[in-house]
2 protein chains.
Amino acid sequence: MDDAPLPTRRFRLDLAYDGRPFSGWQSQRGGGTVQDAVESALAAICPAVVSAQGSGRTDAGVSATGQVAHFDAPAASRMGGREWRRALNATLPPTIRATACREIAPAFHARFSAVEKTYDYAIAIGEVLPPLRRGLAWHQPGLGPADALAAILARYEGTRDFRPFSAKRHDGRDEARDTRRTLHEASLRESGDGDELVLRFRGNGFLYKMVRFLVGTAVYVLRGRIADGAFDILLDGGGAKAPYCAPADGLTLVSVRYPAEFEMPRPDDAR
Amino acid sequence: MDDAPLPTRRFRLDLAYDGRPFSGWQSQRGGGTVQDAVESALAAICPAVVSAQGSGRTDAGVSATGQVAHFDAPAASRMGGREWRRALNATLPPTIRATACREIAPAFHARFSAVEKTYDYAIAIGEVLPPLRRGLAWHQPGLGPADALAAILARYEGTRDFRPFSAKRHDGRDEARDTRRTLHEASLRESGDGDELVLRFRGNGFLYKMVRFLVGTAVYVLRGRIADGAFDILLDGGGAKAPYCAPADGLTLVSVRYPAEFEMPRPDDAR
């Protein structure tokens, strides 16, 4: 008798989703998460596919244009990446789309192979929140000036202990023992006729709720609600916790970068 | 006894809305329209306000960033435009926002004073429709090339009989006896990393469903499904009807222009 597991093929799956109707990425009892929906779709297409591992969790309400996951399909299956993508898009709710899928080396792991992530955080600064931006931007009327906010963001860049800018997970686990991270970019651009500021964070890894703490704290500093000295202490990784976590609404996971051998072909090549 | 109507003050009201949850602008039995929601909010604030006149109807599913309406409030009311805007935004569902409101000369009529309207029509051309663009863009994967579509659109510009590019209203009325209109602009720009084409239509007036017929027909011509000769006949206002009305999803009423005395102060001045 041979009890060895059946041989499998690994697939990299790129996903975009509207985070508003979901309780975040991570599978949970009772469902309602993006991972639950993706795993249900995979299993509906091929019952032997039992799980999809994401590059990381996104919180409830957080959207993604470039989340990455991987899954293993039976080697005997003849479905290629293109077939998987089409089957998934015919099965998933329209709030989740498979933007790309390809077979990848078994060494690839959506979470552990990731070398860089990019998040955008949108802040609507007009007097009213445009209806089409509901749940997609944090409404902070009149926030500015943009260059002062950009200068505060620039202070986040570099390698430091970001523990003050993180939260414990609800399950009480404190996964990240090493809380040093490198933020390559913390920048700002104006968008939508100047009615929105989009803050971009690009780094080698992010602690739980880190982007939202970085945004909330930067806005507090801009509004003069955190003194310079207190901000310096937070930046030095001091014992204090950042006081404000911005809402999930404005946050989008833009992309996850992997070593070159795991990258997708450019969309233009794939078309 | 004095039966004369109470003196009133007229207000111009600028509105933005997410058209997806609504059955269009125009009030209807059973409600569910933007006008119904606006009139309910006005009456909740001041029961003497009985109606809001829009610049024109938008179809079910059509959004607006710059719809304009007017309403009459009792002259005895002390509420100014700013107070009306705030009260409306506290009363309206978040899918509708009052972006501006100001008292205006009684000669102003949101519909009859309008001299120009601008619509955008978004077409998503990527292989999958991004989840955040659901109901906001028409999905036409691979549509192009953009310059060929732009050349087709340019042929719409000018003054002509647009009757072939219109539909009868559901109530059977054929409101527009004179179906000549001037289209000042029918252009195209790329947006969203080139994954979307945004078609802009600016003209002195639009027939029922005209923009959607212009878009649908242009795409048919681009795809070679309408011969050049047949397109020429449609452009000449010939008896044939344009064969294809694009879905409401991609359409947004961007702005309505009025003579200078009726214009809002620029947003920057108003803040």
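Residues numbered from 1 in each chain as written. Chains lettered and ligands numbered in written order. Predicted model: local features only at pLDDT ≥ 70, side-chain atom pairs only at ≥ 80, totals over all residues. Heavy atoms only, no water.

**Things to note about the interface of chain B and chain A**
Thinking step 1. Listed as interface residues are 24 residues of chain B and, on the opposing side, 24 residues of chain A.
Thinking step 2. Here chain B packs against chain A, burying approximately 1900 Å² in sum over the two surfaces, 60% of which is carbon and sulfur.
Thinking step 3. Considering only the surface of chain B that becomes buried against chain A, Glu127, Pro131 and Leu132 of chain B emerge as the three largest contributors, covering 31% of it.
Thinking step 4. Across the chain B-chain A interface, the total number found is three salt bridges.
Thinking step 5. Here Arg85 of chain A ties to Glu127 of chain B by a salt bridge, and the two come within 2.8 Å at their closest N and O atoms.
Thinking step 6. The interface formed by chain B and chain A holds two residue pairs in polar contact (both at pLDDT 80 or more) in total.
Thinking step 7. For the side of chain B that touches chain A, the elements supplying multiple residues, two or more each, are strand 1 (8–17), helix 2 (81–91) and strand 4 (96–104) of chain B.
Thinking step 8. Of the residues forming the side of chain B that touches chain A, the biggest block, four residues, is contributed by strand 4 of chain B. (Contact = heavy atoms within 4.5 Å. Buried area = accessible area lost by both parts, 1.4 Å probe. Salt bridge = Lys/Arg side-chain N within 4 Å of Asp/Glu carboxyl O. Polar contact = N/O pair within 3.5 Å; in protein donor to acceptor, adjacent residues only side chain to side chain. Helix = DSSP H or I, 4+ residues; strand = E, 2+ residues; numbered from the N terminus.)

**Here we look at the relation of the copies chain B and chain A**
Thinking step 1. Screw-axis analysis of chain B against chain A gives a translation of 0.0 Å along the axis, an RMSD of 0.0 Å, and a rotation angle of 180°. The superposition operator between the copies reduces to a two-fold rotation axis. Relative to the rotation axis, the closest C-alpha in chain B is found at Leu132 of chain B, a distance of 4.9 Å.
Thinking step 2. Of all interface residues in chain B, 100% are interface residues in chain A too; the two copies therefore contact each other through one and the same surface. (Least-squares fit on C-alpha atoms with pLDDT ≥ 70 in both.)

**Thoughts on the nonpolar core**
Thinking step 1. Trp84, Tyr156 and Phe201 of chain A are the most contacted members of the largest nonpolar core, which totals 71 residues.
Thinking step 2. The element best represented in this core is helix 4 (residues 210–222) of chain A, accounting for 10 residues.
Thinking step 3. Listed in part, the 70 residues of the second largest apolar core include Ile104, Phe206, Ala218 and Val221 of chain B. (Core = buried A, V, L, I, M, F, W, Y, C linked by side-chain atoms within 4.5 Å. Buried < 20%, exposed > 50% of the residue type's maximum accessible area, 1.4 Å probe, protein only.)

**Re the confidence of the model for chain A**
Residues and elements named next belong to chain A.
Thinking step 1. When pLDDT is averaged along chain A, the result is 92; 93% of the residues meet or exceed 70.
Thinking step 2. With pLDDT under 50 throughout, residues 267–271 is counted as low confidence; its partners more than four residues away or in other chains account for four contacts.
Thinking step 3. Scored by ipTM, the complex comes to 0.85, with pTM at 0.89. (pLDDT = per-residue confidence, 0-100.)

**A look at the side chain of Thr179 of chain B**
All names here are of chain B.
Thinking step 1. Locating Thr179 in the fold gives a position in the loop between strand 7 (158–161) and strand 8 (180–191).
Thinking step 2. Since its relative accessible area comes to 6%, Thr179 is described here as buried.
Thinking step 3. At 2.5 Å, the side chain of Thr179 and the side chain of Asp161 are in polar contact.
Thinking step 4. Ignoring sequence-local partners within four residues, the contact set of Thr179 consists of Arg160, Asp161, Phe162, Arg163 and Leu207.

**Some remarks on the packing of helix 3 (residues 146–154) of chain A against helix 4 of chain A**
Residue and element names in this part refer to chain A.
Thinking step 1. Relative orientation of the contacting elements helix 3 and helix 4 amounts to 130°, with a least axis distance of 10 Å. Between helix 3 and helix 4, the crossing angle belongs to the class labelled oblique. Considering how the two elements wind past one another, helix 3 and helix 4 form a crossing that is right-handed. Taken together, the residues of helix 4 that come into contact with helix 3 (itself represented by Ala148, Leu149, Ile152 and Leu153) are Ala218, Val221 and Leu222.
Thinking step 2. Class assignment for the residues of the contact of helix 3 with helix 4 results in seven nonpolar, no polar and no charged. (Axes fitted to C-alpha atoms, helices over the stretch in contact; angles between N-to-C directions. Parallel < 35°, antiparallel > 145°, perpendicular 65-115°, else oblique. Left-handed = near helix turned anticlockwise from the far one by under 90°. Nonpolar A, V, L, I, M, F, W, Y, C, P; charged D, E, K, R; others polar.)

**Looking at the domain arrangement of chain A**
Residues and elements named next belong to chain A.
Thinking step 1. Domain annotation for chain A reports domain 1 (8–113) and domain 2 (116–254).
Thinking step 2. A C-alpha centroid distance of 27 Å is found between domain 1 and domain 2.
Thinking step 3. Surface buried jointly by domain 1 and domain 2 totals about 1200 Å² across both partners, of which 44% is contributed by carbon and sulfur atoms.
Thinking step 4. Of all residues in domain 1, Arg20, Arg57 and Asp59 bury the most surface against domain 2, accounting for 43% of the area lost on that side.
Thinking step 5. Taken together, the links from domain 1 to domain 2 amount to one salt bridge.
Thinking step 6. In this structure, Arg212 and Asp59 form a salt bridge, with 2.7 Å as the shortest nitrogen-oxygen distance.
Thinking step 7. Put simply, domain 1 and domain 2 have nine residue pairs in polar contact (both at pLDDT 80 or more) between them. (Domains from an automatic or database assignment.)

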